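# What the coordinates show
So you can see what is in the structure, the chains are spelled out below.
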Amino acid sequence: MKRNRIALGFIAAVMSVPQAWAETPADFLRTFEASARQEAPGFAGFSAARGEAFFKTTHGNDWSCASCHTQRPTQAGKHAKTDKPIEPLAPAANPARFTQQAKVAKWFKRNCNDVLNRACTAQEQGDVLAYLMSLK
Amino acid sequence: MKTVLIAATLLAASAAAHADGQKTFTATNPTWQAECGSCHLAYPPQLLPARSWRALMTGLDKHFGSDASVDAKTAAEIGVFLEKNAGRDRDATAKPVLRITDTGWFRHEHDEVAASVWRNPKVKSAANCAACHTGAARGDFNEHSIRIPR
């Protein structure tokens, strides 16, 4: 019986540290950097300022990232067409953001197609993430 | 007399149920809910016939102006769920109806709703079921749960 309690305690301790198996925003930034270096050998780092500008402008279509995720991504947003509530995008306001590879890839694919009619480059994704991570 | 009244009430209730159709939609699937509910209400599969769902699922990258694409495995699971729980094909159109709001059933159900309601910013569009159907997220579209915003 005591052995079971020790085992349960250990499991609880491990599960209380999400980084034990979930990915983190910093992990994603590292992945984007590796890809960005491959895309353009002159890679000079990510910029939160550049990411913010990218996030808030339109890129040929009606919507910008901010159209749904708002000018202050620490707050909840809503879908520009349906008004469906969207949880905050900034990791500081929403710890679930940028923790699942499949989810991040899916939403960048869809939303960059909508906003830019193309995939976002790793540089752009990294800049945007740097901006989102800079928000408190 | 009492028996007649009870019988008449039951008959009327069942007639109403058949005339109006089902108003609580209980079919659910977690993948469908997560994916199809991420930008709008996950519309109950019963609201369109199977051929409409098939058409929608093959064009997800151009989903009413947005890219709503999912990976093949997810699409297969959602597609099976939608077709299995789809409604009857009531509109005898050559091409499948893609918008629930274009179906004869929807128009009939909402034919008493004033045009001003659809224009109300709190409603915004007929696709925004939850604006009036307070139980929509639970699949409850019964009349008693309706609150039209002013």
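It is worth spelling out the packing of helix 2 (residues 25-39) of chain A against helix 6 (residues 122-134) of chain A at this point. Residue and element names in this part refer to chain A. Taken N-terminus to C-terminus, the directions of helix 2 and helix 6 make an angle of 150°; their axes are 8 Å apart at the nearest point. Comparing the axis directions of helix 2 and helix 6 gives the class roughly antiparallel. Along this stretch, helix 2 crosses helix 6, giving a crossing that reads as left-handed. Each of Pro25, Ala26, Phe28, Leu29, Phe32, Ser35, Ala36 and Glu39 in helix 2 lies in contact with helix 6, whose residues at this interface are Ala122, Gln123, Gln125, Gly126, Leu129, Ala130 and Met133. Here the contact of helix 2 with helix 6 is built from residues that sort into 10 nonpolar, four polar and one charged.

Quick look at the interface of chain A and chain B now. Taken together, the 13 residues of chain A in the interface contact 16 residues of chain B. For the chain A and chain B pair, buried surface summed over both sides reaches about 1200 Å², with 37% attributable to carbon and sulfur atoms. The tally of links between chain A and chain B comes to three salt bridges. The shortest N-O distance in the salt bridge between Arg110(A) and Glu35(B) comes to 3.0 Å.

At 3.6 residues per turn, the α-helix brings residues three or four places apart onto the same side. All names here are of chain B. Those residues of helix 3 (residues 50-58) not exposed but buried are Ser52, Trp53, Leu56 and Met57. Around the axis of helix 3, the buried residues are gathered within 130° of arc, so they sit on the same side. Close packing links the buried residues of helix 3 with helix 4 (72-84).

Below, the discussion takes up the pattern of salt bridges. Scanning the entire structure with this criterion turns up 15 salt bridges over all chains. Of the charged contacts, one joins Asp127(A) and Arg50(A) as a salt bridge, the two residues approaching to 2.8 Å between their closest N and O atoms. Of this pair, Asp127(A) sits in helix 6 while Arg50(A) sits in helix 3 (residues 48-56); the two residues are 77 residues apart in sequence, bridging distant segments of the chain. A relative accessible area of 42% places Arg50(A) in the partly exposed class. With a shortest N-O distance of 3.5 Å, Lys23(B) and Glu109(B) are connected by a salt bridge. Taken together, the residues span a long stretch of sequence, with Lys23(B) in the loop between helix 1 (2-20) and helix 2 (30-36) and Glu109(B) in helix 5 (residues 104-109) at a distance of 86 residues. The exposure class assigned to Glu109(B) is partly exposed, which follows from its relative accessible area of 27%.

Time to look at the side chain of Glu124(A). Locating Glu124(A) in the fold gives a position in helix 6. With residues near it in sequence (within four places) discarded, Glu124(A) still touches Phe54(A), Leu116(A), Arg118(A) and Ala119(A).

So, on to helix 6 of chain A. Residues and elements named next belong to chain A. If you check helix 6, its first and last C-alpha atoms are 18 Å apart, about what 13 residues at 1.5 Å a residue would give, namely 18 Å. Here helix 6 lies mainly inside the structure; 10 of its 13 residues are buried. Looking at the buried residues of helix 6, the elements they touch are helix 2, helix 3 and helix 5 (101-116).

It is worth spelling out the state of the cysteines at this point. Residues and elements named next belong to chain A. All told, the structure shown has one disulfide over all chains when counted by the stated rule. Between the sulfur atoms of Cys112 and its disulfide partner Cys120 the distance amounts to 2.0 Å. For the disulfide bridge between Cys112 and Cys120, the dihedral angle about the S-S bond is near -95°, and by the sign convention the bridge is left-handed. Across the pair, exposure class does not vary: Cys112 and Cys120 are buried alike. In this structure Cys65 is a free cysteine whose sulfur lies 6.7 Å from that of Cys112, the closest cysteine sulfur available. Residue classification places Cys65 among the buried positions, given a relative accessible area of 19%.

Residues and elements named next belong to chain B. Relative to the helices and strands, Asn120 is located in the segment after helix 6 (115-119). There is a polar contact of 3.2 Å between the side chain of Asn120 and the backbone oxygen of Pro149. Setting aside its immediate chain neighbours within four residues, Asn120 contacts Pro149 and Arg150.

This brings us to unusual backbone geometry. Residues and elements named next belong to chain B. Here Phe64, not a glycine, exhibits a phi torsion of approximately 50°, which is positive. Tracing the sequence through the fold places Phe64 in the loop between helix 3 and helix 4. Positive phi is not limited to glycine here, since Lys124 has a value of about 75°. Among the secondary structure elements, Lys124 is positioned in the segment after helix 6. Accessibility expressed as a relative area gives 38% for Lys124, which makes it partly exposed.

Thresholds, definitions, all that
Residues numbered from 1 in each chain as written. Chains lettered and ligands numbered in written order. Predicted model: local features only at pLDDT ≥ 70, side-chain atom pairs only at ≥ 80, totals over all residues. Heavy atoms only, no water. Axes fitted to C-alpha atoms, helices over the stretch in contact; angles between N-to-C directions. Helix = DSSP H or I, 4+ residues; strand = E, 2+ residues; numbered from the N terminus. Parallel < 35°, antiparallel > 145°, perpendicular 65-115°, else oblique. Left-handed = near helix turned anticlockwise from the far one by under 90°. Contact = heavy atoms within 4.5 Å. Nonpolar A, V, L, I, M, F, W, Y, C, P; charged D, E, K, R; others polar. Buried area = accessible area lost by both parts, 1.4 Å probe. Salt bridge = Lys/Arg side-chain N within 4 Å of Asp/Glu carboxyl O. Buried < 20%, exposed > 50% of the residue type's maximum accessible area, 1.4 Å probe, protein only. Arc of directions from axis to C-beta. Expected span 1.5 Å × (residues − 1). Disulfide = S-S within 2.5 Å. Polar contact = N/O pair within 3.5 Å; in protein donor to acceptor, adjacent residues only side chain to side chain.

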